[in-house]
Amino acid sequence: MIFIDLRDQFGITQIVINDEELQKQAKELTTESCIHICGKVVERSNKNPKMATGEIEVVTGKIEILGKCKNILPFEVNTDQEVREDLRLEYRFLDLRNEKLHNNILLRSKILKTLRDKMDELGFAEIQTPILANSSPEGARDYLVPSRLNPGEFYALPQAPQQFKQLLMVSGIDKYFQIAPCFRDEDARADRAPGEFYQLDMEMSYATQEDVFNVIEPVIYNTFKEFSDKAISNTPFTRIAYKEAMVKYGTDKPDLRNPLYIIDLSDFFNKCTFKPFINRTVRAIKVKGHMSKGFHEKMLKYATSIGMGGLGYLEVQEDLSYKGPIDKFIPDDLKKELLDLAGLEKEDTIFFIADNEKRATELAGQIRTELGKRLDLIKKDVFEFCWIVDFPMFELDEHDKLQFSHNPFSMPQGGLDALTNEKPLDILAYQYDLVCNGVELSSGAVRNHDINIMIKAFEMAGYTEEEVKSKFGALYTAFQFGAPPHAGIAPGFDRMLMLLTDSDTIRDVIAFPLNSKAQDLMMGAPGEVKYDQLKDIHIKVDIK
């Protein structure tokens, strides 16, 4: 008797071969070959509750080899052994036979359908926008496509359908959506695929920020509820102002599963005698309990690895006094004040981070995350959503030049009056991000639909009206023909899948992803092309 585990789209079925002639044929089979089995389905005598088909087996009457597999595989398909990622990507068609990856891609299909159905129910029209578009300054490098018919001119693959969807609003489309492909030439990260990615792109006419939240929250909530057993934040999702998020969590992508938060003690330490903290931004994080010497050594090692000079701390004793190297620099009459400011209790430990404001904010966020991990405080089996709102309209670049901090097409809070009369760095925008478990799932905004506000905002960021007209000509023109107020958002579809499947990398939810160098190792892309092809599109390669 010979047994074969036969895998198809729906799982594994046990095949039993009793016939001697068929057994000879079966012995010639190689792993991963494609075969056709005819036989009788019978009840198994030794049932396997771990298999979906564990109560039955197929007694074979006929075997046909449809596609024989080579004897030597580059790697075992369903195994726990480590396989180099470049090898997995080169043989992606084999890698996709892996049960987890296979199920991820099938789940992707189901969620796509669900999202489309939900948007259709809400009255949104699915409209495709062009892939061959114009180049515009939207934050990342463009993928350029030379035009054969227009020598020396180039299309750009859209980084997002931003301008097109706004133009649809001007053209009278009330509600638009699409599962939009977006192309950005940027470096890969665990949650960012190089090359292309997909987003649930949507826009609404006559809409406010609240309207967008009221539409997208049920869509996201119900999708996560349908495809996951984890607990989900109740709607409406928590809303956190950008400024508060940066102080309290050290990031505009806070992971609310982590209960730790950051407080600002800059003013307090200006009254103390610890020179490294005087006239610096000082942030602090309180944790329950006293840590071991080994814990502090590991945290110090981590702190220095991210560029900190050290990691100060104090431990609160039974009598509410402090133990730690910084204690002697805090005047006695201020020690009670620190207890009150930080909400300290006996047996607490408080860590300190000091630097310039930008750096202290960033470092405190990293220390908060590391403490949450090391102390095992980050909740599991839950999706914690929040909105980050009230982003600044502008920020300073490394040359102290004013630039847009987020989306240049956003409406400033206060409109033209704010742009004219307020300090640029004090102006807030109707911009918002949806964050889940520390992952930026989506960005959106109430759009700027007023030509005068558009010109003024870009002028403040260093653009002349002629430059605005040149770079954003379609919007510049359309806004002069009665543009309605509109707003939208674009949740990242690949990141949604990554969260729902508990994947460590976004490549595990994409059928044919590029590697970290934006290469398709399976197809050999990018690759060289023939001279005649380059000549047709008026391109000469000059690599130095």
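All values derive from a computational prediction rather than experimental measurement. (Residues numbered from 1 in each chain as written. Predicted model: local features only at pLDDT ≥ 70, side-chain atom pairs only at ≥ 80, totals over all residues. Heavy atoms only, no water.)

(A) Structural view of the overall build of the protein. Looking only at helices and strands, the protein features 17 helices and 23 strands. In terms of principal-axis extent, the alpha carbons of the protein reach across some 95 × 70 × 55 Å. Each of the 544 residues in the protein was classed as buried or not, and the buried ones make up 47%. Counting 68 positive and 87 negative side-chain charges, the protein places the centres of these two groups 3 Å from one another. (Helix = DSSP H or I, 4+ residues; strand = E, 2+ residues; numbered from the N terminus. Buried < 20%, exposed > 50% of the residue type's maximum accessible area, 1.4 Å probe, protein only. Lys, Arg positive; Asp, Glu negative; His and termini not counted. Charge placed at Lys NZ, Arg CZ, Asp CG, Glu CD.)

(B) Expanded view of helix α13 (residues 451-460). Counting buried positions along α13 yields 7 of 10 residues, so the element is predominantly enclosed. Structurally, α13 contributes buried residues whose contacts are with β19 (394-396), β20 (402-404), α12 (415-421), α14 (465-471) and α15 (473-478). Two or three places before Asn-452, at the opening of α13, Asp-450 has a side-chain oxygen 2.8 Å from that residue's backbone nitrogen. One or two residues past the end of α13 sits Gly-462, with phi positive at roughly 100°. (Contact = heavy atoms within 4.5 Å. Polar contact = N/O pair within 3.5 Å; in protein donor to acceptor, adjacent residues only side chain to side chain.)

(C) Quick look at empty space enclosed by the protein. Scanning the model with the defined rule gives 2 cavities of 30 Å³ or more in all. In this structure, the largest cavity occupies an estimated 40 Å³ of space. Lining the largest cavity, in full, are Leu-89, Arg-92, Phe-512, Pro-513, Asp-520, Leu-521 and Met-522. Class assignment for the residues of the lining of the largest cavity results in 5 nonpolar, no polar and 2 charged. Estimated volume of the second largest cavity: approximately 30 Å³. By residue class, the composition of the lining of the second largest cavity is 3 nonpolar, no polar and 1 charged. (1 Å grid on protein atoms, 1.4 Å probe; cavity = no way out; pocket = protein on both sides within 12 Å on 5 of 7 lines; lining within 4 Å. Points joined across faces, edges and corners; volume = space filled by probe spheres on them. Nonpolar A, V, L, I, M, F, W, Y, C, P; charged D, E, K, R; others polar.)

(D) Region of interest: the side chain of Gln-199. Here Gln-199 lies in strand β9 (residues 195-205). Overall, the relative accessible area of 7% leaves Gln-199 in the buried class. Polar contacts involving the side chain of Gln-199 include one to the side chain of Asp-201, which spans 3.1 Å. Setting aside residues up to four positions removed in sequence, Gln-199 forms contacts with Ala-160, Pro-161, Gln-178, Ile-179, Ala-180, Cys-182, Ala-490, Pro-491, Gly-492 and Phe-493.

(E) Focus on the nonpolar core. One finds Met-202, Phe-224, Phe-385, Trp-387, Phe-394 and Tyr-432 to be the most contacted residues of the largest nonpolar core, which totals 71 residues. Sort the elements by how many residues they give to this core and helix α6 (residues 209-227) lands first, with 9 residues. Those residues in contact with Phe-224 that sit more than four places away from it in its chain are Ile-232, Phe-383, Phe-385, Leu-441, Met-496, Leu-499 and Leu-500. Grouped together as the second largest cluster of nonpolar side chains are 21 residues, Ile-263, Ile-326, Leu-338 and Leu-344 included. (Core = buried A, V, L, I, M, F, W, Y, C linked by side-chain atoms within 4.5 Å.)

(F) Seen up close, the environment of Arg-44. Looking at the element boundaries, Arg-44 is found in the loop between β3 (34-43) and β4 (56-67). With 13 residues separating them in the primary sequence, Arg-44 and Glu-57 have C-alpha atoms 5.9 Å apart. In this structure, Arg-44 is in contact with Gln-14, Met-51, Gly-54, Glu-55, Ile-56 and Glu-57, ignoring residues within four places of it in sequence.

(G) Representation of the packing of α6 against helix α16 (residues 493-500) in the model. Across the interface, α6 lies against α16 with an axial gap of 11 Å and an inter-helix angle of 40°. The element α6 and its partner α16 pack so that their crossing is right-handed. Mapping the contact onto sequence places Ile-220, Thr-223, Phe-224 and Phe-227 in α6 and Met-496, Leu-499 and Leu-500 in α16. Across the contact of α6 with α16, the residue classes break down as 6 nonpolar, 1 polar and no charged. (Axes fitted to C-alpha atoms, helices over the stretch in contact; angles between N-to-C directions. Left-handed = near helix turned anticlockwise from the far one by under 90°.)

(H) How the structure looks around the environment of Leu-425. With respect to the helices and strands, Leu-425 occurs in the loop between α12 and β21 (431-436). Taking the relative accessible area as the measure of exposure, Leu-425 reaches 45% and is therefore partly exposed. Taking the C-alpha atoms as reference points, Leu-425 and Phe-394, separated by 31 residues in sequence, lie 5.7 Å from one another. Contacts of Leu-425, omitting those with residues within four sequence positions, involve Phe-394, Glu-395, Leu-396 and Leu-402.

(I) Structural detail: the sheet that holds β3. An order of β1-β2-β4-β3 is seen for the 4 strands of this open sheet, with the pairing classed as mixed. Looking at strand neighbours, the two that pair on one side only are β1 (2-8) and β3, the edges of this open sheet. For this sheet the average axis-to-axis angle between neighbouring strands, irrespective of direction, equals 40°. Two strands pair when backbone bridges link them, and β1 and strand β2 (residues 11-17) are joined in this way by 7 bridges, in the antiparallel orientation. Paired with Ile-4 across the bridge in β2 is Ile-15. (Pairing = 2+ DSSP bridges.)

(J) Looking closely at the pairing of strand β13 (residues 281-288). In terms of residue burial, β13 counts as a mostly covered element, since 6 of its 8 residues are buried. Pairing between β13 and strand β16 (residues 348-355): 8 bridges, direction antiparallel. Of the residues in β16, the one forming a bridge with Lys-288 is Asp-348.

(K) Quick look at the pairing of strand β8 (residues 175-184). The element β8 is largely enclosed, with a buried count of 8 among its 10 residues. Strand direction decides the pairing type here: strand β5 (residues 125-126) and β8, joined by 2 bridges, are parallel. Its bridge partner lying in β8, Ala-125 is registered against Tyr-176. Judged from the 10 bridges that link them, β8 and β9 form a sheet pairing that is antiparallel. Its bridge partner being in β9, Ala-180 is matched across the sheet by Gln-199.

(L) Geometry of the packing of aromatic side chains. Taken as a whole, this structure holds 21 aromatic pairs when the rule is applied. Note on Phe-213 and Tyr-432: the rings are 5.1 Å apart at their centroids and 85° apart in plane angle, and the pair reads as edge-to-face. Linking Phe-213 in helix α6 with Tyr-432 in strand β21, this pair joins segments that are 219 residues apart in sequence. With a relative accessible area of 0%, Phe-213 lands in the buried category. The interplanar angle of 80° and the centroid separation of 5.3 Å between the aromatic rings of Phe-269 and Phe-352 together place this pair among those described as edge-to-face. Of this pair, Phe-269 sits in helix α8 (residues 266-269) while Phe-352 sits in strand β16, and the two are 83 residues apart along the sequence. Each member of the pair, Phe-269 as well as Phe-352, carries the same accessibility label: buried. (Phe/Tyr/Trp six-rings, centres within 6.5 Å; stacked < 30°, edge-to-face > 60°.)

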